[in-house]
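# Summary of structural features
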Amino acid sequence: MKRINILSEDVRNKIAAGEVIERPASVVKELVENSLDAQADNIIVVIENGGKDLIRVVDNGFGMGYDDAMLAFERHATSKIKTVEDIIHIGSLGFRGEALPSIASVSSLNMVTRTKDEDLASIIEFNNGKLINVSKTSANPGTAIAVRGLFKSLPARRKFLRSSSVEARYILKYLHYQAILYPQVSFKLVMDGRERLVYIATEDRNKRMSDVFGSGFFSDDIIAIEGESGAYKLSGYIFGLEDRHDKLIDAQYTFINGRFISDKTVKHSIKAAYEPFILKTRAWQKGSTPPYILFLDIPAEQIDVNVHPAKLEVRFRENNLVHGLIFETLTRSLRNYEDQKFANARLKFSAFTPPKPTTALERDIFVKNVEVPRYSEYKKEFGKLYQDDVFRGEPAQKQDNIPIYNAAKAESEVQEIFSDLPNDELKYNILLKNEEDYINPWQLHNTYIFIQVEDGLVIIDQHAAHERIIYEKLIHRTAGAPATRQKLIIPLVIDIPPYIALEIKELIEANFELLEKIGFMLKKFSGDSLVIEEIPAELGDFQGGQVFLEILKQLELEMDMNTDFRDSLAKSIACKAAIKANHKLSRREMLALINDLFACHVPYFCPHGRPLILKMPISDFEKKFKRTL
């Protein structure tokens, strides 16, 4: 019996589509890159339902004649390479010759294309891999491709697509990358009949950067960099070490030979360059790498861009050279930046009335010289005191007398969110009958609360506990509980950078009612600005709007992992509103936190599922001190 079969052309195309076409943004990527290779300087992208129903890309590039247009839908057909040697000298964006047949095999595709030398354009139509129409029509020079019903013939693939708003966000991000890379090209995005993004062509890269990231981009703490090593060249922008909690620009982009790439070698070199400066000044959010936008040009024969079907990864032939160029250029730029900050601080400290106050970073650089002890020194000093099993004890026995959630507070809508949390594993008899029975709760490093209970010691992470309390309050408000608000004396205007304004605005506009339930009172947008009149009382010190900007950042991260807006919003607000580590609490505040925590549905885990309580039975102490065997 014959067991080995040659796959049909249709099956082969669908398998190739699975490698190249992951989501609507993949289709946009392939079509736009073909337009750029055709030297188009005006590209229009139209999408409906996040690209799931329609993707249309129109350009004014070279276009194709009839014969080339037909050949373009054959597997491994391309105008970008002809010989084996061409593979290692690739200077175009698309070259594998798989995109068009792959897209045509999983959608209804219509292409209209014409060169400047031809009088009529060619129309070619495919339906799920089958050619259904070839004809002529009148059209402008260039190419227009419409892709409808992506993956409709493959329901198993289509169900893995995210919501329309999430898929649209992927397309938006890709177009922002291309807008940064090609300032000389005009880009327009039309979503569901509305023009949502327009970048006018310019020869000035700085103008395009301001268009994408906002007019205040170059007034920020930014450093323009340039470096080269032989034929390798590096340029771009990195951010300095001033704390930027009030900013929304959080981009970390690397472009290599005109492509957006995520590469481990590049990331490691950037982190290695920043690390000494971050550790020395204690700057930048406890060591996270600041934003950067880098453009790296490498000789085509020194880079392999054919290692990933969707061209998202590259392989360098000289890893050390790339690493060294980035590391040395960034280190030199940051050292010059630090010297300038030192000079500025010296002038300010010496001036009787300085024009501007010194920043925290300038004071750090000028006044302090922080030495960072090496790990080996810590190990020698504390090695003998370390006991790796000090918190390791026998598993606690389950006790059913203290319920994890308060059934009286349970509401059907709220329970939908709480149902999947790990609330059945840890049931400790922690609570005491009277508040006075808690003997002197105290803080360790103003971060952890220690409580003596009947059978041992309980340790609570104060930030995670407060985060859980606020999260559940906000979730109850979405189910109808009244909100406690605080009115701002002066309404606050927040300017959102253009590169994320569209998705943020859509999220907020679609959820105005929910935001009001939680405690925000917002006004409609004017351009890319948002007006805030009232905020939830839990936010406390609003810091002139900085907290709201941090919430927007956190919300963007949450929405990548969770499509439930109310859950993501509650988590984002709770994370930023909760008391932080190193915050001193009075005894009354600690007791209030404990009482509020154990009134929660799930008092043992933070909203992200991390444990917030440790318990040490008295028997563990007795064993450690050899009082019992």
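The following paragraphs examine the structure supplied in this document. (Residues numbered from 1 in each chain as written. Predicted model: local features only at pLDDT ≥ 70, side-chain atom pairs only at ≥ 80, totals over all residues. Heavy atoms only, no water.)

### Points about the overall build of the chain
We apply this condition: Secondary structure counts use DSSP, requiring at least four H or I residues in a row for a helix and at least two E residues in a row for a strand, with both numbered from the N terminus. The rule is simple: take the accessible area with a 1.4 Å probe, protein chains only, and divide by the maximum for that residue type; under 20% is buried, over 50% is exposed, in between is partly exposed. Any two residues having at least one pair of non-hydrogen atoms within 4.5 Å are treated as being in contact. Method for areas: the Shrake-Rupley scheme with a 1.4 Å probe, in which residue coverage is limited to the protein chains shown.
In terms of regular secondary structure, the chain is built from 21 helices and 22 strands. Residue burial in the chain is summarised as follows: out of 629 residues, 48% are buried. Expressed as a percentage of contacts within the chain between residues at least 6 apart in sequence, the contacts between residues at least 24 apart total 68%. Within the structure as shown, the chain displays about 32800 Å² of accessible surface, and the carbon and sulfur contribution to it stands at 51%.

### Side note on the sheet that holds strand S5 (residues 130–137)
Defined as follows: The pairing criterion for strands is at least two bridges between them, as found by DSSP. Where helices are involved, their axes are fitted lines through C-alpha atoms of the stretch in contact, as for all axes, and angles between N-to-C directions lie from 0 to 180°.
One open sheet accounts for eight strands, arranged S5-S4-S3-S6-S2-S1-S7-S8; its pairing is mixed. Among the strands making up the open sheet, the edge pair consists of S5 and strand S8 (194–199). Taking each pair of neighbouring strands and ignoring which way they run, the sheet shows an average axis angle of 10°. Where strand S1 (residues 42–48) lies against strand S7 (residues 186–191), six bridges are found, and the strand directions are parallel. Its bridge partner being in S7, Ile 43 is matched across the sheet by Phe 187. Contacts between helix H7 (residues 164–181) and the sheet are confined to S1, S7 and S8, with S7 contributing the most and set at about 170° to the helix.

### Observations regarding the sheet that holds strand S9 (residues 222–229)
Read across the sheet, five strands follow the order S9-S10-S13-S11-S12 without closing on themselves; strand pairing throughout is mixed. Each of the sheet's edge strands pairs with one partner strand only, and the pair in question is S9 and strand S12 (259–260). In this structure, strand S11 (residues 252–256) lies alongside strand S13 (residues 292–297), joined through five bridges in parallel fashion. Each bridged residue has a counterpart across the sheet, and for Thr 254 the counterpart in S13 is Leu 294. Relative to the sheet, H7 contacts S11, S12 and S13, its axis offset from that of S11 by approximately 60°. Sitting on the sheet, helix H8 (residues 205–213) touches strand S10 (232–239), S11 and S13, and the angle it makes with S10 is about 40°.

### Overview of helix H19 (residues 565–577)
This is how it is decided: Take the residue count of a helix, subtract one, and multiply by 1.5 Å to get its expected span.
A rise of 1.5 Å per residue sets the reference length of H19, with its 13 residues, at 18 Å; its end C-alpha atoms lie 18 Å apart and thus fit the reference within 8%. H19 sits mainly inside the fold: 12 of its 13 residues count as buried. Restricting attention to buried positions, one finds in H19 the residues Phe 565, Arg 566, Asp 567, Ser 568, Leu 569, Ala 570, Lys 571, Ser 572, Ile 573, Ala 574, Cys 575 and Ala 577.

### Some details on the packing of aromatic side chains
Keep this limit in mind: Ring pairs shown here join Phe, Tyr and Trp side chains whose ring centres sit within 6.5 Å, with only the six-membered ring taken for Trp; geometry is labelled stacked below 30 degrees between planes, edge-to-face above 60, and tilted in between. A ring has a charge above it when a Lys NZ or an Arg CZ is no more than 6 Å from the ring centre and no more than 35 degrees off the ring normal.
What the rule picks out here adds up to 16 aromatic pairs. Taken together, a centroid distance of 5.7 Å and an interplanar angle of 85° make the contact between Phe 217 and Tyr 237 edge-to-face. Here Tyr 237 lies in strand S10 and Phe 217 lies in the loop between H8 and S9, a separation of 20 residues in the sequence. On the accessibility criterion, Phe 217 (0% relative accessible area) is buried. Taken together, a centroid distance of 6.1 Å and an interplanar angle of 70° make the contact between Phe 598 and Tyr 604 edge-to-face. Take Phe 598 and Tyr 604: they sit in the same class, and that class is buried. Three or more aromatic residues joined by ring pairs make a cluster, and in this case those are Tyr 177, Phe 213, Phe 217, Phe 218, Tyr 237, Phe 239, Tyr 253, Phe 255, Phe 260 and Phe 295. In this structure, Arg 23 is placed above the aromatic ring of Tyr 170, and the distance from its NZ or CZ to the ring centre is 3.9 Å. Between Arg 205 and the ring centre of Phe 295, over which it is positioned, the NZ or CZ distance is 3.7 Å.

### Let's talk about the pattern of salt bridges
Rules: In the sections that follow, a salt bridge refers to a side-chain nitrogen of Lys or Arg positioned within 4 Å of a carboxyl oxygen of Asp or Glu.
Applying the stated criterion across every chain yields a total of 12 salt bridges. Residue Lys 29 pairs with Glu 33 through a salt bridge whose shortest N-O separation is 3.2 Å. In this pair, Lys 29 and Glu 33 are both assigned in helix H2 (residues 24–37), four residues apart and thus about one turn of the helix distant. According to the relative accessible area criterion, Glu 33 is buried, its value standing at 5%. Here Asp 567 ties to Lys 571 by a salt bridge, and the two come within 3.3 Å at their closest N and O atoms.

### Quick word on a nonpolar patch on the surface
Note the following rule: Patch membership requires over 30% relative accessible area and the absence of a salt bridge. Like charges are linked within 9 Å, and nonpolar side chains (Val, Leu, Ile, Met, Phe, Trp, Tyr) within 5 Å.
Together, Tyr 66, Leu 131 and Val 134 make up an exposed nonpolar region whose accessible area comes to about 230 Å². The residue Tyr 66 is located in helix H3 (residues 66–71) in this model.

### Structural notes on the nonpolar core
Rules: Here, nonpolar core means buried Ala, Val, Leu, Ile, Met, Phe, Trp, Tyr and Cys residues that are tied together by side-chain atoms lying within 4.5 Å of each other.
In this structure, Val 32, Phe 213, Ile 293, Phe 520 and Ile 532 are the most contacted members of the largest nonpolar core, which totals 95 residues. Among the elements that take part in this core, H7 stands out by supplying nine residues, more than any other. Listed in part, the 28 residues of the second largest apolar core include Ile 278, Leu 325, Leu 334 and Tyr 337.

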